[in-house]
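Survey of secondary and tertiary structure
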Amino acid sequence: MALRAGGSWARLGWALRGRSSGPRHAGDTPQHRDLREALRKIIDKEINPFVDKWEEEGQFPAHKVFKILGQAGFLGVDKPTATFHKRYKKLIKSSATCDPPQFSIVGHRKCTNSLEAAVFAAFSCATGCHQIQLCSVIVNATRYILKALKLSHEYGGMGLDFSYNIAVAEELGNIHCGGIPMAIGVQTGMATPALARFGSHELKKQFLVPTVAGDFVACLGVSEVGAGSDVANIKTTAVRKGDEYVINGGKMWITSGSQADWMCLLANTSEGPPHQNKSLICLPMNLPGIHIAKKIDKLGMRSSDTAQIFFEDVKVPCKNLIGEEGKGFMYQMLQFQEERLWGVASALTPMEKIIQETIDYTRQRKVFGQPVLHNQTVHFRLAELATEVELLRSLLHRAVALYIEGNDVTKFASMAKLKAGRLTREVTDSCLQFWGGMGFTSEVLVSRLYRDFRLMSIGGGTDETMLSIICKYMDILPRK
C-alpha cells in the first residue's frame, strides 16, 4: 500500500467508515484491495501448490495453514484489536513535549503486510488529520487516542468492519478447491462471531486469541443427525451440576471436527421452549468423553475433514458459557447472518474463474470446424451466467453495507444464500457441459467445483429453509 499525499490518508478514514463515494461498494476501496493482494500472495505460495495433494489425502493441515494466515492477520480481520502489536511498539516514538502527543511511524513508504495495513488503517479511523512524509507517517493524536490505544482489548484482531472479512472471503475464492475456504470460513465467520461479541474477557483470552493467531483450530457444533437446518430440534444436552456442565449427545457434519482444538457448541441447557433453552459453550476437544466416531467420506469439499462426534458425560466449566444461558439460539441466528454472507462472498471468485476458464477453453476447442464458443447457445449462456454473478455480488454488498450499519439483514442474507446455492450449480453444470469429455475428468477445476459447490444449497441452511425465512419476512408464510 503506497503512501502518497496527505489527502489520500485523510480520505482513508472516510472510506473505512463507508463514506467514500469513489468505490463501487463499501468493500471496494484501495484498502480492501491491498488486503486482498496480500492474501493472494499467501494463497499462491502456501496453499494452491498443495491443494491437489490435500484433496487426494482428504484433509489439509489446518494447524499449519491457519498459523500462516494467523501470523498475517487474516483470521481476525473484523475481530477485536490488539493493544498494539509488539512489532509496531518499536516503530512508535512519542514526543513528550507535544500537546497533543505526537507519534511517528518511521521508515515505511509501503505497508508490507496486512498487519501494517491494519495499523495505518486504525490510525486513519481514529484521527481525522494525518501528515504524510516520504520517509515517515506523522500521526497527530489526542490524549484520547493515546488512552484508546492503551485500553483496547488484547484479542489479536484488526478491528476492521465486516466488509473487510467479506473481502477476505472473496479472495479466498482463488484457492483451487472449496474445502479449504470453507474451513477458514468456519474459523473466522462461524465458530467465533458469538464469542467475539458476547464472550467474557477470560473466554476470549482462552479461545479467541489463539484462534485468531492460528494456534487453535475451531469448529462449530450445531448440526445433528436429526437436526440440520432445523436448529431448534437439536437434542444434545448440557446439564448444570455445580460449577460444571455435563454434556451428552452428538454432532454431525462438523467441519474440521477431527483436527479442532475447541468447539463452539450449541446445546440444550434447560427444559424450556426450544428457542429459549439453548446455550453456546466453548468446549475443548481434548476432554474425556469426547469421541470422534468417524471422518465422513464426502462427494466434494474433500480437502476439508468432516466428522461425526459423540459426547458421553463430558464435563466443562460453567464459565465456558458464551454470554447468557438460554440465549444460544439467538446468538447462533446472529452467527448465521455472517456465515451466510461469508459463504456467498467465497463463491463469487470461483464462479468468475470457471466462466473465464470456460471461455478460454471453448475459444480454442474446435468442433465441426469452428470454436465451440462461436455457437450462440454457448456464448449467450456464458453471458447470462456472468450477468447473474454480478447481480449476486450487488445483493451481497447491499446486505453487507446494511449489516455494518447495524441492520437486521436476515432476509437479504437468506436471499443471497439461496441465489448463491442455485447459481453455483448453474455455473458449474453449464460450464462443465461446454468442456465436454474433459469436464467429466478430475483434471480440470470445473469438475472439482461441480462437486464442491453442491454443498452450497445444503450446508448453512438448505434452499428450502432460506425460502421459508424469506417468506416469513414477506409475511406470506402460512401460519400454523
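To keep things clear, this report deals only with the structure shown in the data block. Within each chain, residue numbers correspond to sequence positions counted from 1 in written order. Only residues with pLDDT of 70 or above have their local features reported here, since the model is predicted, and side-chain atom pairs are shown and tallied only from 80 upward, although totals for entire chains, interfaces and linings are computed over all residues. The basis for every side-chain value is the complete set of heavy atoms in the structure, and neither hydrogens nor water enter the calculation.

1. With respect to the pattern of salt bridges
Pairs can form between side chains of opposite charge whenever their charged atoms are close. This is how it is decided: Here a salt bridge means any side-chain nitrogen of Lys or Arg lying within 4 Å of a carboxyl oxygen belonging to Asp or Glu. Each helix is a run of DSSP H or I of at least 4 residues and each strand a run of E of at least 2, with the numbering of both proceeding from the N terminus. The buried label goes to any residue with under 20% of its type's maximum accessible area, the exposed label to any with over 50%, and the partly exposed label to all in between, with areas taken from a 1.4 Å probe on protein chains only.
Counted by the stated rule, this structure contains 25 salt bridges. Across the pair Glu57 and Lys53 runs a salt bridge whose closest N-O atoms are separated by 2.8 Å. Placement of the pair is Glu57 and Lys53 together in helix α3 (residues 51-57), with a separation of four residues, close to one helical turn. The class for Glu57 is partly exposed, based on a relative accessible area of 46%. Residue Lys53 is classed as partly exposed on the basis of its relative accessible area of 47%. Three or more residues joined by partner-sharing salt bridges are found here, namely Arg36, Arg40, Asp44, Glu170, Glu171, Glu352, Glu390 and Arg393.

2. As for the side chain of Thr211
Quick note on the threshold: The term polar contact refers here to a pair of N or O atoms within 3.5 Å; inside protein, the definition further demands a hydrogen-donor-capable atom paired with an acceptor-capable atom, and it admits residues adjacent in sequence only when both atoms are side-chain atoms. Contacts were defined at the residue level, with two residues in contact if any of their heavy atoms lie within 4.5 Å.
Looking at the element boundaries, Thr211 is found in helix α11 (residues 201-213). A distance of 2.5 Å separates the side chain of Thr211 from the backbone oxygen of Phe207, its partner in a polar contact. Leaving out residues up to four positions away in the same chain, Thr211 has contacts with Leu75, Gln187, Thr192, Phe216, Ala218 and Trp262.

3. Topic: the side chain of Thr236
Within the fold, Thr236 resides in the loop between β5 (218-221) and β6 (237-241). Assessed through its relative accessible area of 0%, Thr236 is described here as buried. Polar side-chain contacts of Thr236 include one of 2.7 Å to the side chain of Glu224. Within the local environment of Thr236, its side chain forms a polar contact with the backbone oxygen of Gly250, the two atoms lying 3.1 Å apart. In this structure Thr236 touches Glu224, Ile247, Asn248, Gly249, Gly250, Lys251, Ala267, Asn268 and Phe311, once residues within four positions along its chain are discounted.

4. Quick notes on the packing of helix α8 (residues 162-172) against helix α12 (residues 328-364)
Note the cut-off: Note on geometry: axes are lines fitted to C-alpha atoms, helical ones only across the stretch in contact, with angles between N-to-C directions running from 0 to 180 degrees. In this scheme, roughly parallel covers angles under 35 degrees and roughly antiparallel covers those over 145, while 65 to 115 is roughly perpendicular and the rest are oblique. Here a crossing is called left-handed whenever its near helix is offset anticlockwise from the far helix by less than a right angle, and right-handed whenever the offset is clockwise. Amino acids are sorted into nonpolar (Ala, Val, Leu, Ile, Met, Phe, Trp, Tyr, Cys and Pro), charged (Asp, Glu, Lys and Arg) and polar (every other residue, Gly among them).
At a closest axis distance of 6 Å, the pairing of α8 and α12 adopts a crossing angle of 40 degrees. Between α8 and α12, the angle falls in the class oblique. The interaxial crossing formed by α8 with α12 has right-handed handedness. Here α8 contributes Phe162, Asn165, Ile166, Ala169, Glu170 and Leu172 to the contact with α12, which in turn contributes Glu338, Leu341, Trp342, Ala345, Ser346, Leu348 and Thr349. Class assignment of the residues belonging to the contact of α8 with α12 gives a composition of eight nonpolar, three polar and two charged.

These values are about where atoms sit, not about what they do.
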